[in-house]
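Topology and contacts: notes
Each chain, letter by letter, is given below.
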Amino acid sequence: MCSKLASGRMAQALIQGFLRQGLLRPNQIVMSDVEDQRLNEVSALGVHTTSSNDIVIERSDMVFIAVKPQQVRPVLLEIAPKVNSSLLLVSVAAGINTSTIERVLPRDARVIRVMPNTPCMVGEGVSMISRGKNATDVDMRTLQTFLSSVGFSSECSETLMDAVCGLSGSGPAFALTAIEAMSDAGVKLGLTRQLALKLAAQTVLGAAKMILEQNSKPGELRDQICSPGGTTIYGMHALESGTFRRSLIDAVEAAAHRSKELSLIAERSDIEVAARIEESVERVRQISG
């Protein structure tokens, strides 16, 4: 059973992607959340829903922790007593290191961190993964099987995760803003909104596929379009005058810096609380054993 704690947009994107690709059936997924509206949205996909994280842990062999960074610690503290080495925990929370998660859980907990993005729901996502200290090669291959079904997936050093978060994690929002701006320009010039949006989206999609399928550098492809004295080179001049390139670099860098800030905030949280929880988990196991 594959499960997810909290049904935020990223969790829904992954669920829709897994179902769309036929990797899982709806009855193989259980989702928990505190908001009824979220549960109703996910329930419409045919998956099991509950408000109990305990039920999710008990029924699953792999659990995605898909909550906001500030919600990770409370969720971990809640589920820690039920976590054991047979369960694989996958965190999609931005800025939360595997070591931070592992400190709250039992020593043998298997943890993997993943930074996906929302295009997973249409099979064109990017998911970079980093392993925790107890995650096995089998764990990594299993997770990559899931994530590769909804786009590109690869392993990377956790030290690069903030950069990944800024580029591919937040990147779809930047690309959507560019598409929206291009379609606005089309409307300004007389196109209907529907046609302008279609042209802008298809143009960006086509340009991306040229890079990926031809294995060419963006600059080389751009030079093929910019004929001397033509329309495109005049448009490029306007982009450079408006610091388009710098704005995109700044946006990715700002998102990456925020991811790093979230990591530092989590690191500074009360480690003694995690230690006390771990002690209580050991006591519960001794009593139950």
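Here, every reference points to the structure presented above.
Read on for an overview of the structure. Think of each chain on its own: its residues are numbered from 1, step by step along the sequence as written. Since the coordinates come from a predicted model, pLDDT governs what is reported: local features require at least 70, and pairs of side-chain atoms require 80 or more to be given and counted, while whole-chain, interface and lining totals use all residues. The side-chain numbers reported here are obtained from all heavy atoms of the structure, hydrogens and water having been left aside.

Next up on the list: the overall build of the protein chain. Strands here are runs of E lasting at least two residues and helices are runs of H or I lasting at least four, both read from the DSSP assignment and numbered beginning at the N terminus. Within the protein chain, the secondary structure is distributed over 13 helices and eight strands. Burial classes follow relative accessibility: with a 1.4 Å probe on protein chains only, a residue under 20% of its type's maximum area counts as buried, one over 50% as exposed, and anything between as partly exposed. Counting only residues that meet the buried cut, the protein chain has 39% of its 289 residues in that class. Counting contacts in the protein chain only where the partners sit at least 6 residues apart, residues at least 24 apart contribute 65% of the total. Total accessible area on the protein chain is roughly 15800 Å²; 56% of this is exposed by carbon and sulfur atoms. Note on contacts: a residue pair qualifies if any of its non-hydrogen atoms lie within 4.5 Å across the two residues. Residue burial considers only the protein chains on display, and all accessible areas are found by Shrake-Rupley using a 1.4 Å probe.

The next point concerns the packing of aromatic side chains. The pairing test for Phe, Tyr and Trp rings, Trp by its six-membered ring, is centres within 6.5 Å, and the orientation test on the planes gives stacked under 30 degrees, edge-to-face over 60, and tilted for anything in between. The tally for this structure, following the rule as stated, stands at two aromatic pairs. Consider the rings of Phe18 and Phe64, whose centres lie 6.1 Å apart with planes at 55 degrees: the pair is tilted. Of this pair, Phe18 sits in helix 1 (residues 9-20) while Phe64 sits in strand 4 (residues 62-65); the two residues are 46 residues apart in sequence, bridging distant segments of the chain. Of the two residues, Phe18 and Phe64, neither departs from the other in class, the shared state being buried. Look at Phe18 and Phe146: their rings are 5.3 Å apart centre to centre, the planes differ by 70 degrees, and that puts the pair in the edge-to-face class. Residue Phe18 is found in helix 1, and its partner Phe146 is found in helix 6 (residues 137-148); the two are separated by 128 residues along the sequence. The buried category is assigned to Phe18, whose relative accessible area is 0%. Ring-pair connections join several aromatic residues into one group, and the members of that group are Phe18, Phe64 and Phe146.

Before going further, it helps to spend a moment on unusual backbone geometry. Although it is not a glycine, Asn215 sits at a positive phi angle of roughly 55 degrees. The residue Asn215 is located in the loop between helix 9 (193-214) and helix 10 (218-225) in this model. According to the relative accessible area criterion, Asn215 is exposed, its value standing at 72%. Phi is positive for Thr243, which is not a glycine, with a value near 55 degrees. Among the structural elements, Thr243 can be located in the loop between helix 11 (231-241) and helix 12 (244-268). The class for Thr243 is partly exposed, based on a relative accessible area of 37%.

Attention shifts here to the pattern of salt bridges. A carboxyl oxygen of Asp or Glu within 4 Å of a side-chain nitrogen of Lys or Arg is what we treat as a salt bridge. Within the structure shown, the criterion is met by 10 salt bridges. The partner of Asp137 in a salt bridge is Arg131, with the nearest N and O atoms 2.9 Å apart. Of the residues examined, Arg131 reaches a relative accessible area of 31% and is grouped as partly exposed. We note a salt bridge from Glu240 to Arg245, for which the minimum N-O separation is 3.3 Å. Judged by relative accessible area, which is 40%, Glu240 ranks as partly exposed. What makes Arg245 partly exposed here is its relative accessible area of 43%. Because the salt bridges share partners, they merge into one network encompassing Arg131, Asp137 and Glu155.

Now for the packing of helix 7 (residues 161-169) against helix 8 (residues 171-188). Here the axes come from fitting lines to C-alpha atoms, over the contacting stretch only for helices, and the angles between their N-to-C directions go from 0 to 180 degrees. Direction vectors running N to C along helix 7 and helix 8 enclose 30 degrees, while the axes themselves pass 5 Å from each other. Relative to helix 8, the element helix 7 lies roughly parallel. Across from Gly166, Leu167, Ser168 and Gly169 in helix 7, the residues of helix 8 making contact are Gly171, Pro172 and Phe174. Each angle is binned into one of four classes, with values under 35 degrees roughly parallel, values over 145 roughly antiparallel, values of 65 to 115 roughly perpendicular, and all other values oblique.

In this section: the nonpolar core. Side chains of a nonpolar character, in soluble globular proteins, are inclined to be buried together. Among the nonpolar cores identified, the biggest contains 26 residues, and Phe18, Phe64 and Leu143 are the most heavily contacted of them. Taken together, the elements giving at least two residues each to this core come down to helix 1, strand 2 (29-32), helix 2 (36-43), strand 4, strand 5 (88-91), strand 6 (110-115) and helix 6. Counting residues in hydrophobic clusters, the runner-up holds 22 residues, among them Leu76, Ile79, Leu87 and Leu89. To form a nonpolar core, buried Ala, Val, Leu, Ile, Met, Phe, Trp, Tyr and Cys residues must be joined to one another through side-chain atoms within 4.5 Å.

Further remarks concern the pairing of strand 5. Burial along strand 5 is two-sided: Leu88 and Val90 facing one way and Leu89 and Ser91 facing the other are all buried. A pair of strands counts as paired when DSSP detects no fewer than two bridges linking them. Where strand 4 lies against strand 5, four bridges are found, and the strand directions are parallel. Across the sheet, residue Val63 finds its bridge partner in strand 5, namely Leu89. Handedness of the β-α-β unit built from strand 4, helix 4 (residues 69-79) and strand 5 comes out right-handed. The pairing of strand 5 with strand 6 spans four bridges and is parallel. Along strand 6, the bridge assignment pairs Leu89 with Val111. Assessed by its sense of winding, the connection that carries the chain from strand 5 through helix 5 (residues 98-104) to strand 6 is right-handed. Note on handedness: a clockwise path from strand one over the helix to strand two, with the strands aimed away from the viewer, defines a right-handed crossover.

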